[in-house]
Structures are given as C-alpha cells and as structure tokens.
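Examining the three-dimensional arrangement
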Amino acid sequence: MPEVLTEAAIVDSLRSVQDPELRQSIVDLHMVRGVHVNADHVDVDVALTVAGCPLHQRIESDIKEALGRVEGVEAVNVKLSVMNDEERRQAFQAAFRLREATPAAAPPPPAAARPRERVEIPVIPRTAPGPALLQPSTPTAIIGVMSGKGGVGKSTVTANLAAAIARLGHRTGLMDIDVYGFSQGRLFGVRGEPRVNEDEKIVPWESHGVRLVSMGMFVPEDQAVVWRGPMLGKMMQQFFSDVAWGELDFLLMDLPPGTGDLALDVAQKVHHASLVLVTTPQAVATHVAARAANVAQRAGQTILGVVENMSFVRCPHGDRLEIFGHGGGEELARSLKVPLLGQVPLEAAVREGADGGRPIVLSDPDSEAAGVFLNIANRLIAARAS
Ligand SMILES: Nc1ncnc2c1ncn2[C@@H]1O[C@H](COP(=O)(O)OP(=O)(O)OP(=O)(O)O)[C@@H](O)[C@H]1O
Ligand SMILES: [Mg+2]
C-alpha cells in the first residue's frame, strides 16, 4: 500500500457513507469506531445503532464502495458491532444537532386564532376511489398510539415520536383523533381553521416538519364533545380519504383511550396499522392498557411495544424516584410478549415543551426524556425498514 494511505484519509472517505435511517454521515454519527490500515487490507470497525439493524448490509457495501474508490485500498474488512444505550443516545443527539444546523424548510407560522362556531366536519366530495393510505399495500407505516386510561401522556408521547421521526428525515403525518381531548394542535403550537385545496382536500397543518390533522381543526379544544363509535369511525375514514397528506413514510395516530370498541374500530378500519401502548408504571394503568391491547391483538393487530411514561423522577444525585410505582410497563410488555420500548422520566421540561408548542425532543434534545423518545423513534424507524 502507498505511504500516503493514512487512517485519517480512510476516515475522510468514510464521510460520504450515510446511515440509511438517520441519513447522516456514519463518521458524524460516531458510528466509526476504528480504522486500521494493514499491509494488504483496511479494517473498519462500525457500531450500528440497533442490533440486527436490517440495513447493515447496505452500510457494509457502501463502506466497501467508498473505500474502493480510494487509491491504494485493495481490500476492506468491515467489523460490525452494536451501540449501547448511551452511545445510541449520543448518536441520535448528534443526528439532531446536524439537522438543526441544516434545517429543512422552515415551518409556516401558526395561523391567527379565530373564534370558531362550527362543530361539524365539512363533507367533502370524494375524488379518489379509496384512500391509498387505507390500502394494505401502502408504503406508509401507520402507527396508532393507544392507552387504556386517559392522562398517562399518550398525546405527549405521540407528539414527541412524530417530531423525532420527522426530524430524523422521514415524511411524517399525525392524525389526532382522540375525541376526548384533541390536544395535538396545542402541543405543536398550531391552530386555526383548515385550508381546503383545489382538489377539495383538507390541507394538514404543518409544524416542526409534521403534517398534522386534528379534531381541533373543527372543534375548539375546550368544547366537550363526546363522539360515539360510529361517528368516530366516520371521522377517521374522512381523515384518511379527505386530507391531502401527500406522501408519508409514517402516520402516527393519537387514538382515544379505551378498552374496547374504539380500538376495535381502528382495527377494522385500518387493518395494517400497528400499535404502541402507553402506560404509567402504576398497576391500575397497566391492567386497563392490557385489556385494550388484548382487544387489538385478538383483532390481529401488531403491537410494536409498550412505552412506560412518567416512570421516574431523576434526583440531583442520579437516583430514580419512582413516584408512580415500579415495573408496570415491563410487566405489561411481558404479558403481551412485546418489547418495552422505553421508560420516559417525569421531567418538567416535557410539560413545558408541550405547553410551548415545541415537543421536548426539539426544545431540549439533550434531556434524558428526549433521549428516550429518540431511542423509541429509532426503533420504530428500524421496524419499518425491516
Ligand atoms: N414524561 C412527562 N414528564 C412531565 N410531564 C408529562 C410527561 N408526560 C406527560 N406529561 C404531562 O402530563 C399531562 C398529561 O399528558 P397528555 O396530555 O400527553 O396525556 P394523555 O394520555 O394524552 O391524556 P388525555 O387522556 O387527557 O388525552 C400533560 O400536562 C403533559 O404535559
Ligand atoms: Mg391526549
């Protein structure tokens, strides 16, 4: 090999290789752990963000291709390992910072608040034979976020996962159909009546890169409306067919909390939706969530996993204070035979981010809670890719 072939030159060439999910250079994401130039070949150690990352073959072949172009490199040996939780958190945070530095198109400013009287959803003529998103062949991963009980942080979790997935470069929509409390407009800092485009489709709000459609577009948040099953089903159908979603990689749904008919309604209308279950560590919350999940599982839906929210408060000395109990999320995940996707700490900044219209993954990406949300977002991205 020529003398000029240095490890620094190899690392430089690896800058052109991107992680296919995070869409940033593997060097900037700290995935390159080591480079060694030997007499007849180059060794490259790379740490993947998740075990069994379905895209590892692509990373490996991209590395070989990039280094194949470097003069003097004859053979490349790629060794793959897996990051631990802390390393993964740092990789995501690096990805976030890189995206902050080169932001996509700035979201439009929120529309001015206007008093609204109307409570019915406009009836819009159908132009397509059937909504593409409802076809099982849709490339969009549709993920319903559900909980057994209200108030466990389902909307907060949904908002943060949507914002994180969008920031990681995926086209993301959020459908807020929690009829008991549609709060996504507030969590994303948007309001105002929806616009209808030339095809007579509802144009989603857009905030933090997320296309958002909410009941709150049609009904003020403080107006108590109780929608019964058939009404909800109709509305959801309209949100699929009459909204100009454009192309989406992910569509998250903030579902109403509940144990029975609502979950089944979703299962029937969107067979191919998979679900994420949110609970607190409290036994009572997990029992109700388990009932909701059983209904969904019986209907043949995939449950991607459990998010335990408000799991603990991190004390100044680093201890975990488990004010809402312990182990509920883990037990629920075990009973359903699904993974525990993450344990989100109770942090004032989570609520402040929500109240300020900027989910914590964006307002404070270095916080522990944001790290957990980012980790979960990546697992959902990996699940879609597999
Ligand atoms: N990890 C957290 N740390 C601090 N506050 C949180 C956390 N998760 C949620 N909250 C706060 O708890 C409250 C309830 O959360 P949220 O509205 O997301 O719950 P929900 O399950 O959607 O409730 P609902 O059933 O009313 O729709 C909100 O004020 C939210 O900001
Ligand atoms: Mg909610």
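Since the structure is predicted, the reported quantities are computational estimates derived from the model, not experimental observations. The numbers attached to residues start from 1 for each chain and follow its sequence in the written order. Chains carry letters and ligands carry numbers; both start at the beginning, A for chains and 1 for ligands, and go up in the order they are written. Local features in a predicted model are, by the rule used here, given only for residues with pLDDT of at least 70; side-chain atom pairs are given and counted only at 80 or more, and totals for whole chains, interfaces and linings are based on all residues. Derived side-chain values reflect all non-hydrogen atoms in the structure, with water molecules and hydrogen atoms excluded from consideration.

1. Thoughts on the overall build of the chain
- By definition, any uninterrupted DSSP run of H or I lasting at least four residues is a helix, any uninterrupted run of E lasting at least two residues is a strand, and each is numbered from the N terminus. When helices and strands are counted, the chain shows twelve helices and 15 strands.
- By the burial criterion, 53% of the 386 residues in the chain qualify as buried.
- Contacts are assigned to residue pairs that have any heavy atoms within 4.5 Å of one another. Across the chain, contacts joining residues at least 24 apart in sequence account for 77% of those joining residues at least 6 apart.
- Where accessible areas are quoted, they stem from the Shrake-Rupley method and a 1.4 Å probe; at the residue level, only the protein chains shown are allowed to cover. Accessible surface, the chain: about 17200 Å² in total, of which carbon and sulfur atoms supply 51%. For the exposure calls, accessible area comes from a 1.4 Å probe over protein chains only, and a residue counts as buried if that area is under 20% of its type's maximum, exposed if over 50%, partly exposed in between.

2. Details of the sheet that holds strand S11 (residues 274-279)
- In this scheme, strands are said to pair when DSSP sees at least two bridges between them. One open sheet holds the eight strands; their spatial order is S8-S9-S5-S10-S4-S11-S12-S15, and the pairing between them is mixed. In this open sheet, the two edge strands, each paired with only one partner strand, are strand S8 (205-207) and strand S15 (340-344). The average undirected angle you get between the axes of adjacent strands in this sheet is 25 degrees.
- Sheet topology note: the strand S4 (residues 141-146)/strand S10 (residues 250-254) ladder contains five bridges and is parallel. Looking at S10, one finds that Ile 142 is bridged to Leu 251. Axes here mean lines fitted to C-alpha atoms, for a helix over just the part in contact, with angles spanning 0 to 180 degrees between N-to-C directions.

3. As for helix H1 (residues 7-14)
- The set of residues buried in H1 consists of Ile 10, Ser 13 and Leu 14. One side of H1 holds all its buried residues, which, seen down the axis, span an arc of 105 degrees. Residues of H1 that are exposed and angled more than 90 degrees away from the buried face: Ala 8 and Asp 12.
- Its buried side turned inward, H1 meets strand S1 (32-37), strand S2 (42-48) and helix H2 (56-68). Within this analysis, the arc is defined by the directions that extend from the helix axis to the C-beta atoms.

4. Observations regarding the site of ligand 1
- The immediate surroundings of ligand 1 are formed by 16 residues, with Gly 151, Gly 153, Lys 154, Ser 155 and Thr 156 found nearest.
- In the environment of ligand 1, an oxygen atom lies 3.2 Å from a nitrogen or oxygen atom belonging to the side chain of Asp 178.
- Pairs of N or O atoms within 3.5 Å make up the polar contacts considered here, provided that, within protein, one atom can donate a hydrogen while the other can accept it, and that residues adjacent in sequence are counted only when both atoms are side-chain atoms. Pro 345 is positioned with one of its backbone polar atoms (N or O) 2.9 Å from a nitrogen atom of ligand 1.
- When ligand 1 is considered free in solution it has 630 Å² of accessible area, and contact with the protein chains removes 76% of it.
- Put simply, the parts of the chain that give the shell around ligand 1 at least two residues each are helix H4 (154-167) and helix H10 (348-355).
- If one sorts the elements of the shell around ligand 1 by residue count, H4 sits on top with three residues.
- All residues other than Ala, Val, Leu, Ile, Met, Phe, Trp, Tyr, Cys, Pro, Asp, Glu, Lys and Arg, Gly among them, are scored as polar; the first ten of these are nonpolar and the last four charged. Considered class by class, the residues forming the shell around ligand 1 number six nonpolar, six polar and four charged. Any residue with at least one heavy atom within 4 Å of a molecule or strand is counted as near it.

5. Comments concerning the pairing of strand S5 (residues 172-176)
- Judged by how many residues are buried, S5 sits mostly within the fold: five of five residues are covered.
- Burial of the side chains of S5 extends over both faces: Thr 172, Leu 174 and Asp 176 are buried on one face and Gly 173 and Met 175 on the other.
- Across five bridges, S5 lies against S10 in parallel orientation. Directly across from Met 175, in S10, lies its bridge partner Met 253.

6. Section: the nonpolar core
- In terms of nonpolar packing, the biggest core is built from 110 residues, with Leu 14, Ile 63, Leu 67, Met 175, Phe 188, Phe 240 and Val 361 touching the most fellow members.
- Among the elements that take part in this core, helix H12 (residues 368-385) stands out by supplying nine residues, more than any other.
- Annotation comment: domain bounds sourced from an automatic or database domain assignment. When residues of this core are assigned to domains, at least three fall in each of domain 1 (7-101) and domain 2 (132-385).
- Not counting the four nearest positions on each side in its chain, Met 175 is found in contact with Val 213, Met 236, Phe 239, Phe 240, Trp 245, Leu 251, Leu 252, Met 253 and Asp 254. Grouping buried Ala, Val, Leu, Ile, Met, Phe, Trp, Tyr and Cys residues that are joined through side-chain atoms within 4.5 Å yields what is termed a nonpolar core.

7. Considerations on a nonpolar patch on the surface
- Residues Leu 321, Ile 323, Phe 324 and Leu 346 make up a contiguous nonpolar surface patch of roughly 310 Å² in combined accessible area.
- Relative to the helices and strands, Ile 323 resides in the loop between strand S14 (320-321) and helix H9 (328-336). Each patch is assembled from residues with relative accessible area greater than 30% and no salt bridge, linking like charges that lie within 9 Å and nonpolar side chains (Val, Leu, Ile, Met, Phe, Trp, Tyr) that lie within 5 Å. Here, a salt bridge means any side-chain nitrogen of Lys or Arg that lies within 4 Å of a carboxyl oxygen of Asp or Glu.

8. Here's the deal with the environment of Asn 77
- Relative to the assigned elements, Asn 77 resides in strand S3 (residues 76-82).
- Given the relative accessible area of 40%, Asn 77 is considered partly exposed.
- On a C-alpha basis, the gap between Asn 77 and Val 35 in space is 10.0 Å, while along the polypeptide they are 42 residues apart.
- Among all residues touching Asn 77, those that are not within four sequence positions of it are His 41, Val 42, Asp 43 and Val 44.

9. Quick notes on the pattern of salt bridges
- In the structure shown here, the tally under the stated rule is 16 salt bridges.
- For the salt bridge of Asp 28 with Arg 15, the shortest nitrogen-to-oxygen distance reads 3.4 Å. On the criterion of sequence distance, the pair formed by Asp 28 in the loop between H1 and S1 and Arg 15 in the loop between H1 and S1 is long-range, its members being 13 residues apart.
- By relative accessible area, Asp 28 is classed as partly exposed at 32%.
- The exposure class assigned to Arg 15 is partly exposed, which follows from its relative accessible area of 41%.

10. Comments concerning the packing of aromatic side chains
- Between 30 and 60 degrees the pair is tilted, below 30 it is stacked and above 60 it is edge-to-face, where a pair is any two Phe, Tyr or Trp rings, Trp via its six-membered ring, whose centres lie within 6.5 Å. With the rule as written, the count across this model stands at zero aromatic pairs.
- In this arrangement the basic side chain of Arg 320 is found over the ring face of Phe 312, its NZ or CZ atom lying 4.0 Å from the centre. Working rule: Lys NZ or Arg CZ, within 6 Å of ring centre, within 35 degrees of ring normal, means a charge sits over the ring.

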